[in-house]
Amino acid sequence: MEGYACIFDLDGVIVDTAKYHFLAWRKLANALGFDFTENQNESLKGISRAESLDIILAWGNVELTHAEKDEWLKTKNNWYLEHVLTMNEEAILPGAKEFITIVKNAGFKIALGSASKNAVSILEKVGLLNQFDAIIDGTKTTKSKPDPQVFTMCADELGIAYKNCVVFEDAEAGIEAALSAGMAAIGIGNKTILNRALFAVNDLSEMTLEKLPFINSNTIPH
Ligand code: B16
Ligand code: MG
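What you see is a predicted model; the values in this text were computed from it and never measured.

Caption draft 1: Local environment of the domain arrangement of the protein. By domain assignment, the protein separates into domain 1 (5-16 + 91-211) and domain 2 (18-84). Taken residue by residue, the interface counts 13 residues in domain 1 and 15 residues in domain 2. Carbon and sulfur atoms make up 49% of the area that domain 1 and domain 2 hide from each other, which totals about 1100 Å². Counting the surface domain 1 buries against domain 2, the share from its top three residues, Asp 11, Asp 16 and Asn 118, is 38%. For Lys 19, the salt bridge is made with Asp 16, and the minimal N-O distance between the two is 4.0 Å. Of the residues in the side of domain 1 that touches domain 2, the class split is 5 nonpolar, 2 polar and 6 charged.

Caption draft 2: Geometry of the environment of Val 150. Within the fold, Val 150 resides in helix α7 (residues 149-158). Counting along the chain gives 132 residues from Val 150 to Ala 18, while the straight-line C-alpha distance between them is 19 Å. For Val 150, the residues in contact, after removing those within four places along its chain, are Gly 113, Ser 114, Ile 136, Thr 141 and Lys 145.

About the thresholds
Residues numbered from 1 in each chain as written. Chains lettered and ligands numbered in written order. Predicted model: local features only at pLDDT ≥ 70, side-chain atom pairs only at ≥ 80, totals over all residues. Heavy atoms only, no water. Domains from an automatic or database assignment. Contact = heavy atoms within 4.5 Å. Buried area = accessible area lost by both parts, 1.4 Å probe. Salt bridge = Lys/Arg side-chain N within 4 Å of Asp/Glu carboxyl O. Nonpolar A, V, L, I, M, F, W, Y, C, P; charged D, E, K, R; others polar. Helix = DSSP H or I, 4+ residues; strand = E, 2+ residues; numbered from the N terminus.

Structure below.
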């Protein structure tokens, strides 16, 4: 039997850490004398920490040296981790744990494809670390979404053909990354923003095996 895989993004798909990123980035902006809105924060989803800082500094017309940026990146991450410390199993988004179990029981491989350098500690905090056959995160990638690298690395580690992978993503950049990899993409969240996805659901509680694009009588192992 040919292998198939589901690749999950972390922030916005498995856990709602976007609100903690927003709080920490906003604290940084305020410390530098400006502010930004939750709406602007939408465009930071799926974007790496360093690139997010550059975008935010441009919003505030603030220019910093490399050394200053490095300091702020550390400070922002420490503020972010203060929130991560409070996370437990209850922080898992609706349906995520259940759908992962359904997919695993159906015999498909599971991977995490996230831009976050904190992915492993977050999965550990919410008790999902041992669920994944492969974990590719911001500590392993050299290119950010919309580059397909994070997802092709997942498939390569699993030994699954790209066309047999489906990616679950809450960010436009992540949907683009999946499509560039030749994978199917299912959106989590706003159907209008994620209009390039195969379809979108509000959260994984709305997902069933039958909705997976590669499901037919030949793909379910007997
Ligand atoms: P960190 P994802 C992304 O996670 C977040 O959506 C994005 O806001 C964040 O800047 C990025 O991870 C890096 O996170 O600061 O923890 O390394 O959606 O790709 O799981
Ligand atoms: Mg995300």
